[in-house]
Amino acid sequence: MSRVLVSAVLVAAALLLAGCGSDAPPVSRPSSLPIPDGFTRVGGLSNGLVMAIPSSWRSVDLSKTDFEKELEASGLTGATLEQAKTSLRSLQKSKALYAMDPASQQESPDGFVTNLNGFCQPSVGASADALIEIAKQQLTSVNAKVSEAASVPLGQGTAVRIRYTLPLGKALINGTQYYVPSDKGRTCVVTLSTDLTGKNALFDQIGGTIRPV
């Protein structure tokens, strides 16, 4: 299994869950996207969402047919690069946005790259509580352990945030997922993954900037 993309393990579950929207009001429009100091805006209409990530991170737009060139320029090399290409192809049909922290690979004892992916899918209007229960079931089915699942404020509306841990070889991956409703009948799903500790505050800072477009 690729150490670059634990989110690929969960993409099937995330695609299913994206069809379960929230009854919460839509989040604020991208014009109100907050960009913290040291962050940069990524994403766009082709992805269905925008957000802000640390400027030191590298992003890859999977809505582009030549996304592999962007990935090659991200700093990944060798087997890690090939694993990333293979894993990201499963997200290409969803025109996902992918971003990673190149420095994290050296910090990680297992060479895991802290990363995120985000995409949007049609919603069917399920409640936030129903979405949380389905998410718990899907995550449990891939041996993840959910530690937190709740509605959280986001922009002018709310989103569902789920935290979990997932064993990956010798590593323990700490994951955070956001399910963000839009006013276009879609739900955007953003998954952030790391095997480093103390990243929840950063993930929340990134998550707080997610806006469907």
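In this report, we go over the structure that sits alongside the text. Residue positions are counted from 1 within each chain, in the order its sequence is given. Totals for whole chains, interfaces and linings use every residue, but because this is a predicted model, local features are given only for residues with pLDDT of at least 70 and side-chain atom pairs only at 80 or more, for both listing and counting. Side-chain metrics rest on all non-hydrogen atoms present in the structure, leaving aside hydrogens and water.

**Side note on the overall build of the chain**
And then number 1: Helix and strand assignments follow DSSP, with helices taken as H or I runs no shorter than four residues and strands as E runs no shorter than two, numbered in order from the N terminus. In terms of helices and strands, the chain carries six helices and 10 strands.
And then number 2: Burial classes: relative accessible area under 20% of the type maximum marks a residue as buried, over 50% as exposed, and values in between as partly exposed (1.4 Å probe, protein chains only). The buried share among the 213 residues of the chain stands at 52%.
And then number 3: We call two residues in contact when some of their heavy atoms are within 4.5 Å. Sequence-distant contacts in the chain: of pairs separated by 6 or more residues, those separated by 24 or more amount to 62%.

**Quick word on unusual backbone geometry**
And then number 1: A positive phi angle, close to 55 degrees, is found at Lys-95, a residue other than glycine.
And then number 2: Its place among the elements puts Lys-95 in the loop between helix H3 (78-92) and strand E4 (97-100).
And then number 3: The backbone phi angle of Asn-143 is positive, close to 70 degrees, even though this residue is not glycine.
And then number 4: Here Asn-143 lies in the loop between helix H5 (128-141) and strand E6 (145-154).

**What to know about the pairing of strand E8 (residues 171-181)**
And then number 1: Of all 11 residues making up E8, nine are buried, and the element is well covered by its neighbours.
And then number 2: Across nine bridges, strand E7 (residues 157-168) lies against E8 in antiparallel orientation. Among the inter-strand pairings, Arg-163 is bridged to a residue of E8, identified as Thr-176.
And then number 3: Should DSSP find at least two bridges between two strands, the strands are taken to pair. The sheet contact formed by E8 and strand E9 (residues 186-194) spans eight bridges and is antiparallel.

**Let's talk about the sheet that holds strand E10 (residues 211-212)**
And then number 1: Here we have three strands laid out as an open sheet, ordered E1-E2-E10, and antiparallel in their pairing. The sheet is open, and its two edges are formed by strand E1 (39-44) and E10, each paired on a single side.
And then number 2: Alignment of E1 against strand E2 (residues 49-54), held across six bridges, turns out to be antiparallel. By the bridge assignment, Gly-43 is partnered in E2 with Val-50.
And then number 3: Relative to E2, helix H6 (residues 200-207) is tilted by about 145 degrees, and along the sheet it contacts E1 and E2. Under this scheme, a helix contributes an axis fitted over its contacting stretch, all axes are lines through C-alpha atoms, and angles between N-to-C directions fall in the 0 to 180 degree range.

**Regarding the pattern of salt bridges**
Pairing between side chains of opposite charge can happen when their charged atoms approach one another.
And then number 1: Think of a salt bridge as a Lys or Arg side-chain nitrogen and an Asp or Glu carboxyl oxygen that are within 4 Å of each other. Under the definition given, this model contains five salt bridges.
And then number 2: Notably, a salt bridge pairs Arg-161 with Glu-148, separated by 2.5 Å at the nearest N-O pair. In this pair, Arg-161 sits in strand E7 while Glu-148 sits in strand E6, placing the two residues 13 residues apart along the sequence.
And then number 3: For Arg-161, a relative accessible area of 15% gives the class buried.
And then number 4: Between Arg-163 and Glu-148 there is a salt bridge, with its nearest N and O atoms 3.4 Å apart. With Arg-163 in strand E7 and Glu-148 in strand E6, this pair connects stretches of sequence that are 15 residues apart.
And then number 5: Beyond isolated ion pairs, a larger network of salt bridges with shared partners links Glu-148, Arg-161, Arg-163 and Asp-204.

**Notes on the state of the cysteines**
And then number 1: Working definition: a disulfide is two cysteine sulfur atoms within 2.5 Å of each other. Inspection of every chain in the model, using the stated rule, returns one disulfide.
And then number 2: Here Cys-120 is linked by a disulfide to Cys-188, with a sulfur-sulfur distance of 2.0 Å. Across the S-S bond linking Cys-120 and Cys-188, the dihedral sits near 95 degrees, which makes this disulfide right-handed. Of this pair, Cys-120 sits in strand E5 (residues 115-122) while Cys-188 sits in strand E9, and the two are 68 residues apart along the sequence.

**Comments concerning the nonpolar core**
And then number 1: In these notes, a set of buried Ala, Val, Leu, Ile, Met, Phe, Trp, Tyr and Cys residues joined through side-chain atoms within 4.5 Å is what counts as a nonpolar core. One finds Leu-62, Leu-71, Leu-88, Val-160 and Ile-162 to be the most contacted residues of the largest nonpolar core, which totals 29 residues.
And then number 2: Of all the secondary structure elements, the ones that give two or more residues to this core are helix H2 (67-72), H3, E4, H5, E7 and E8.
And then number 3: With near-sequence residues (within four places) excluded, Leu-62 lies in contact with Phe-67, Leu-88, Leu-91, Gln-92, Lys-95 and Ala-96.
And then number 4: Of all hydrophobic cores here, the second largest spans 22 residues; its members include Leu-49, Ile-53, Cys-120 and Ile-210.

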